[in-house]
Every structure is written in structure tokens, then in C-alpha cells.
Amino acid sequence: MTTLTHKISSGKNVLITAALPYANGDLHVGHIAGAYLPSDIYARYLRLQGVNVRTVCGSDDHGVAMVLAALKESSTPAAVSAKYHARQKAALEGIGINFDIYGATSRNKFHTPLSQKFFKKLFDQGCFTKKSSEQYYDSAKASFLPDRFVRGTCGYCGTKEQNGDQCENCGKELDPTVLKDARSVLSGEPVTLKQTVHWFLDLSKFQAQVAHWLDQAIIRQHTRSYVKGLLAQGLVERSMTRDLDWGIPVPLEDPDAQGKVLYVWFDAPIGYISNSMELAERLDGNPDAANEWWNSDKTDVYHFIGEDNTIFHTIIWIAMLAAEGDYCLPRGVIVNHFLNFQKPGSEVEKMSKSRGTAVWISEYLAGGGAPDVLRYALAIIAPEESRSVFNPADLVARNNSELGATIGNLFQRIIQFTRSKVSPEIPASDPARFTDLDKQFMATLQRCHEEVTADMNDFHFRDAITKLLEFGRVCNRYVDEQAPWKMIKVDPEQTKVSLAMLFNALKFLAVALAPFLPDTTEKMAQMLGLSKDERLWAQASTPLPAGRELIEPMILFPRIEAEGDQK
Ligand code: B3M
Ligand code: ZN
């Protein structure tokens, strides 16, 4: 079923963003499967399609999350965010996710002025209502308790131990009127309420604009239904300022604004723009060249996010952009679900740092794990339509039986056999000798290319990689049916036909797998001597010319010994 048929518009530039992770901890496989891997796969795919792409990410350094992390580590929010920023960046790069810019909202020099300008513009247009309201307060600590400073039970779905701003389970925003049994994270005591002044954005005024945007947006079906449901319930006012001493000062002369900062979800998405400016300064020598990406009908902006960030990107951010007016609205918001976790022999659980039910990227890499194997294992279970389960034992099995036995072995056996029994180069074949089976094989390759292209255009990366693996199986069956090792003894010319077919298939895999397996496809391309042009997506299914010298095949996916295997 196709939920979003989207042809890449030729001539358009594409700006891809991935959610800015809070710089308060390390990244695990759930983060990667949610926002970062899909954005990287899409960017690599578009580049192979010849599209001019920029990718933007960075750390979200503000908000209560950072203050809490600093308290826990007896450090400061600035130091904590710098530390995790560096670790997250290294983890992402370690698995081949290299954003063109990985900024930091607390250190990007454009970010504070831009966020304040944005706020001021909305303020001047009368978008905010200044209001005194009751907020959580910790009397023992004499401190207001915004967002994650409070934990309690979600009044919508009943899930316990939820942060005061949003329920992890149902994704709904929480506030003092819906959170039950609220306790202060600072003292552990039940909270009290105290009056304080804040600036509220009335989202209901943007209901029509958000609905209109949603109708045209490229968005998965489940996200569309979810956001429609939220719109049907009616949008409400949200405070865009906080009582906190870490963040961007509220840019108003008003004495009531003293000591208050912008809500982190106000400044964080602006980070996509300020990071684009930092990138434009680097690449174009002018930060304002970012406008060509943010305010131009020649550019499409796509945000890749995890499900918990949906409201912020599809409602609040759209309202903010619509109100501000200087930037285009995103063409699409691509949302993936969470990944659950299953230890061998245990129940499926949520990924959790405290329970140890997660695989950390830095640990995986430090243990010698191959980046491409992890990318593959996450892409083939990508939680695109619903939550899915990551099981570390599956990763081993998939490496050995899918990547190794199906893909790696195919390259190995074809190249090895050709070099040792036929010729040191890719053999020439006579089209007059193509059998029905050969023609069928060529048609399958062509069809696979078309179907995978449609999947990639529709952000169905899981279907795409599944079809590529299946095509690898088709190739292995074709090898078994043709049995070149027997055929060579009786009909060397026909053997060359089969091999030529197979070399075309290897080339196809080397190109089409590139968005998923960047390291490995580099080796594949080297083994087949592919030129840069031959590696373009459009060229994936064009035949590989005969006569090219073959080098000794490399082992693409070394076997991983599972725990308990005989050495
Ligand atoms: N920092 C939430 C998160 O890390 C938030 C995303 C901001 S995107 C502008 O999941
Ligand atoms: Zn809930």
C-alpha cells in the first residue's frame, strides 16, 4: 500500500533536518532508528539522484533536560551539553551519519539573536498573551518546576512516571490540569502551585493554517491521522516562556520578563535555521545564503523526527513559522515510531537507560561492531508504520545469514569463479544467446529498480531494503539454477551470458544499497571498478560493460560468532 506518492521534483534543492537531540546523554539504537538513520538514507539517496542536498542537525542544548543532567552530574548545563554534544556527534559519524552541519543551540552565534528576533516578531504582531497562571512550584527548594522538573501520571492514558511536559506513551502534551500525582524531581515532594507570569501562544488561531499545511504535507498516514485527531480536539494556548536560569532570555523590556527564558521547544526548531546559517557561512561565505534554503520555492524542507516530537513539528512549529512569515513551511515531516527492545529470552520492553535495555552506539562501535551491519539491522526493522522490536541476537543472525550468506557470498562466489575459471575481467556475452531465464532475470532486476525507487521516493526505506535483500536471494537462486561451475565444462559461451547477467546484478546492488550500506558499497564499487557516474541511482540497472578487470574479492560481511558458538 502506498501512503504517500511523492516524485522528487527535478531541479529542487532539498534541506533535510533530523531532530536535534538533547545533549543530556548518549545515543542508542532507538534514536538512530527514529530520526537519524532515515534522514541519512534519504539524503544519500537524493544525492545519488543528483539532487542538491544539505543536511542539518546538532544538539538541543537548552531546556530542563540539560539543567537536570547538570544537577545529576554535579556539573553545569553548558559543560554537560558540550560533553554530550561531542559524544553524540562522534557516535553519529561512527555509523556513517555525517550531517553537513552538527551545530549546538547554546554555542551557535546566530541562534540566540535569531530566536529572540523570532519571538519579538510574534510579540509585535500580538501573537502572545501575557498571563499569570498557576505553575508547579517546589516550596522546599523555592523553585518553579517547569516541564521535566515534575513527574506524575498521564491524565490521558494513565501511564505513570511521566515528565510534566509530555507523555512518552500517548505523546500528548501534559500540563497542571492533566498531570496527576505530580512530584518535584528536585525534592521528591508533592508539588504546590504558584502564580507566575508567562507569554502564551494561542495555537487555536493557527488551526486553519495548520490544517491547510497538513493537507498538502508529505507525511506518513499514521502521523496524518494523529495530527488530524489533535486538530479535531481543538488547539489551545501554550506558554512559550519558562522560569529557568538556563536558556535564551525573553527579549522584552517588561520587568516581568526578567529571569525568564524561551521555552526550549520555541528555540530548538529555530536551531534548524540557525544551524543552516552557520553552514551557509561556511559553504557560501554568507550566513544569509541560508535563506535560499528556507525562503525559496526552489527548496523543499523535510524534517525527520521520532514520534514523541510530532506535536512540536506538525503543530507548534508550523504555527510559529506561519506567524513569523519569513520562512517556507516544511514540505514534509517524516515520523518514525519508537523501537522497543528484547534481550534474548526476555520479554519485549521499552528502551530504557536505567533498565539497561538499549544498545549504545558508542559501545557497539567500541566493541568492533561494523557500522553497516547496525544500519542494516535497524533499516530492515525500521519502525515506520508502527513500533518494532530490536533484539541484539537478531543483529548477529542478520549479519551472518542475510548480509553474509546472501549478499556478501554472492559477490564472493561470482567474482572468485570468474577470475579463476573464466577470465580476469568481466566477460563479454552474446545477446543472441539470452535464454528465457536470462530475460526473466533481467526483467526482475529492472522491476526491482523501479519498485525500490518508488519506495525510496515514498520514504518506505524498510520496504526498499527488504526488496534488495529479496533480490539478492533471486540472484543466488539464479546462480544455483545456472550452475556455472558445471556449465563451464560444456558451454563456456553460455556461462559468460549467465555471468554477465550476474555482474549487472552485482552492480545494481552496489548502487541501490549505497544509501543503506555506505562503507560496504564503497568496497563493492571498487571490486567492480565502478565510476562515479555508474554509481548514480538512475544508472543502477544499466549493464556493466565487459572487459573490466576484476580484483580479488574482499570479504564484505565477516561472520560474527554468536555467544555460545563453537570457535
Ligand atoms: N530535543 C527532543 C529529543 O531530543 C528534542 C528535539 C528537538 S528538535 C527541534 O527527542
Ligand atoms: Zn499518556
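It should be emphasised that the depicted structure is a prediction, and the values quoted were computed from it without experimental measurement.

Cut-offs used in this document
- Residues numbered from 1 in each chain as written.
- Chains lettered and ligands numbered in written order.
- Predicted model: local features only at pLDDT ≥ 70, side-chain atom pairs only at ≥ 80, totals over all residues.
- Heavy atoms only, no water.
- Helix = DSSP H or I, 4+ residues; strand = E, 2+ residues; numbered from the N terminus.
- Rg over C-alpha atoms; globule rule 2.2 N^0.38 Å.
- Buried < 20%, exposed > 50% of the residue type's maximum accessible area, 1.4 Å probe, protein only.
- Contact = heavy atoms within 4.5 Å.
- Areas by Shrake-Rupley, 256 points an atom, 1.4 Å probe, with all protein chains shown as cover.
- Lys, Arg positive; Asp, Glu negative; His and termini not counted.
- Charge placed at Lys NZ, Arg CZ, Asp CG, Glu CD.
- Pairing = 2+ DSSP bridges.
- Core = buried A, V, L, I, M, F, W, Y, C linked by side-chain atoms within 4.5 Å.
- pLDDT = per-residue confidence, 0-100.
- Donors = N, O, S within 2.8 Å, 3.2 Å for Na, K, Ca; no water.
- Tetrahedral: all angles 85-135°; square planar, octahedral: opposite > 155°, others 65-115°.
- Phe/Tyr/Trp six-rings, centres within 6.5 Å; stacked < 30°, edge-to-face > 60°.
- Lys NZ or Arg CZ within 6 Å of the ring centre and 35° of its normal.

1. As for the overall build of the protein
Point 1. Looking only at helices and strands, one finds 17 helices and 18 strands in the protein.
Point 2. For 567 residues, the compact-globule formula gives about 24 Å, and the C-alpha radius of gyration of the protein, at 26 Å, lands near that figure.
Point 3. Taking the principal axes of its C-alpha atoms as reference, the protein extends roughly 90 × 55 × 40 Å.
Point 4. By residue count, 57% of the 567 residues in the protein fall in the buried class.
Point 5. Pairs at least 24 residues apart make up 76% of the contacts formed inside the protein by residues separated by at least 6 positions.
Point 6. For the protein, the accessible surface area stands at approximately 23300 Å², while carbon and sulfur atoms represent 50% of it.
Point 7. Across the protein, 61 positive and 69 negative side-chain charges occur, with their mean positions spaced 2 Å apart.

2. Some points on the sheet that holds strand β7 (residues 162-163)
Point 1. If you trace the three strands from one edge of the open sheet to the other, you get β7-β6-β8, paired in antiparallel fashion. Bordering the open sheet on either side are β7 and β8 (179-184), each of which pairs with just one other strand.

3. Some points on the nonpolar core
Point 1. Core analysis: the biggest nonpolar cluster contains 187 residues, and Tyr36, Phe266, Phe390, Phe411, Phe471, Phe503 and Phe516 have the highest contact counts within it.
Point 2. Here Phe516 is in contact with Ile41, Asp372, Arg375, Ala379, Met456, Phe461, Ala464, Ile465 and Leu468, once residues within four sequence places are set aside.

4. Points about the confidence of the model for the protein
Point 1. When pLDDT is averaged across the protein, the result is 94; 97% of the residues are at 70 or more.
Point 2. Note that residues 1-5 has pLDDT below 50 and, in this model, eleven contacts with residues that lie over four places away or in other chains.

5. Here we look at the coordination of the zinc ion (ligand 2)
Point 1. Taken together, Cys154 (SG), Cys157 (SG), Cys167 (SG) and Cys170 (SG) make up the full set of protein donors to the zinc ion (ligand 2), lying 2.3 to 2.4 Å away.
Point 2. Its four donor atoms give the zinc ion (ligand 2) angles of 106 to 118° at the centre, a pattern that matches the tetrahedral case.
Point 3. Take Cys157: its relative accessible area is 34%, and that puts it in the partly exposed class.

6. Topic: unusual backbone geometry
Point 1. With a phi close to 50°, Ala142 is a non-glycine residue in the positive phi region.
Point 2. Structurally, Ala142 is set in the loop between β4 (128-138) and β5 (143-144).
Point 3. Under the relative-accessibility criterion, Ala142 is labelled exposed at 55%.
Point 4. Residue Asp147 is not a glycine yet carries a positive backbone phi of 45°.
Point 5. Note on placement: Asp147 falls in the loop between β5 and β6 (150-154).

7. Details of the packing of aromatic side chains
Point 1. The final tally for this structure, using the stated rule, is 24 aromatic pairs.
Point 2. With 5.9 Å between their ring centres and 45° between their planes, Tyr42 and Phe304 make a pair best called tilted. You can see Tyr42 sitting in helix α1 (residues 29-48) and its partner Phe304 sitting in strand β14 (residues 299-306), a full 262 residues away along the chain.
Point 3. Residue class for Phe304 comes out buried when judged on its relative accessible area of 1%.
Point 4. Cluster of aromatic residues (ring-pair linked, three or more members): Tyr42, Tyr45, Tyr302, Phe304, Phe459, Phe461 and Trp537.
Point 5. For Lys131, the ring lying beneath its charged end belongs to Phe200, and the centroid distance is 4.7 Å.
Point 6. Sitting over the face of the ring of Tyr137, Lys194 holds its NZ or CZ atom 4.5 Å from the ring centroid.

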